[in-house]
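# Remarks on the overall topology
Okay, here's what each chain looks like letter by letter:
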Amino acid sequence: MYFPSTNPLSIVHEDQGVWAPVDHQRVIAKLLMGLGVLFHREKTIHLEPLPETMLDEGKASLVPDLLLRDNETAQTPIIIEVCHTNGLQGDLHKVFQLIDQGFYGICEGFIYDYRTGQWFRYRKGDGGLTENSSFSEILQLDLNSFL
C-alpha cells in the first residue's frame, strides 16, 4: 500500500513552489497573448514571450512567471513576475537576484502587483533601486497596455 509522505516537498521550502491563483494566471495570460501577437503574428518584437519557463535547461533555476527570450542569442533580456501585495518583497528579491547574478543576460525585470495595479521595474546596474514603471526600454513599449 502506498502512503504519501507527510513531509512537504523541499522545493516549497525554498519559496519556489507554484502560486497560481486565477487573478495571477489571468495577468500572465494577458501579457502572453499581447506580447505573443507582436512576436508571432506581427513580428514587431524580436523576443519570444514564454510563461513559467526555465532560464537554464542544463540545471534547476528560478523560473520567472514570464520571460522574453532572444532565440538567436539564447539569452533572456526581460523577465516579468506577477504577484499580490503580500508576495511583493519576495518577487523583488527574486528579480534583483536573477539580474544582479548576470547568469542569463537579463537586463530588465518587472514586477506587477495585481491587487494594487502597481508596476515596478529594475534594470541591470540599478543597484537595488526600482522605478514605478511598466515601460520596457528594450521593447520600447508599455507592458501595462496589455492589461
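Use the structure listed above.
Below you will find a few notes about this structure. Please read all numbers here as calculations on a predicted model, not as lab measurements.

## Observations regarding the side chain of Asp70
Turning to its location among the elements, Asp70 is positioned in strand E2 (residues 66–70). Comment: no salt bridge for buried Asp70; closest opposite-charge side chain is Arg69, at 7.3 Å. Non-local contacts of Asp70, meaning those with residues more than four positions away in its chain, are made with His46, Leu47, Gln75 and Pro77.

## What to know about unusual backbone geometry
In most cases, non-glycine residues show a negative phi, while peptide bonds are predominantly trans. Residue Lys43 is not a glycine yet carries a positive backbone phi of 55 degrees. Tracing the backbone through its elements, the reader meets Lys43 in the loop between helix H2 (22–41) and strand E1 (48–51). One non-glycine residue with positive phi stands out, namely Gln140, at about 60 degrees. Considering the arrangement of structural elements, one finds Gln140 in the loop between strand E6 (135–136) and strand E7 (141–142). According to the relative accessible area criterion, Gln140 is exposed, its value standing at 53%.

## A short note on the nonpolar core
Judged by nonpolar contacts, the single largest core of 21 residues is most densely connected at Leu35, Ile80, Leu139 and Leu143. Within the residue set of this core, elements represented by two or more residues are H2, E2, strand E3 (75–83) and strand E4 (108–113). Considering every element that reaches this core, the biggest residue donor is H2, with six residues. Within the second largest apolar cluster, 15 residues are counted, among which are Ile79, Cys83, Leu88 and Ile111.

Rules and cut-offs
- Residues numbered from 1 in each chain as written.
- Predicted model: local features only at pLDDT ≥ 70, side-chain atom pairs only at ≥ 80, totals over all residues.
- Heavy atoms only, no water.
- Helix = DSSP H or I, 4+ residues; strand = E, 2+ residues; numbered from the N terminus.
- Buried < 20%, exposed > 50% of the residue type's maximum accessible area, 1.4 Å probe, protein only.
- Lys, Arg positive; Asp, Glu negative; His and termini not counted.
- Salt bridge = Lys/Arg side-chain N within 4 Å of Asp/Glu carboxyl O.
- Contact = heavy atoms within 4.5 Å.
- Core = buried A, V, L, I, M, F, W, Y, C linked by side-chain atoms within 4.5 Å.

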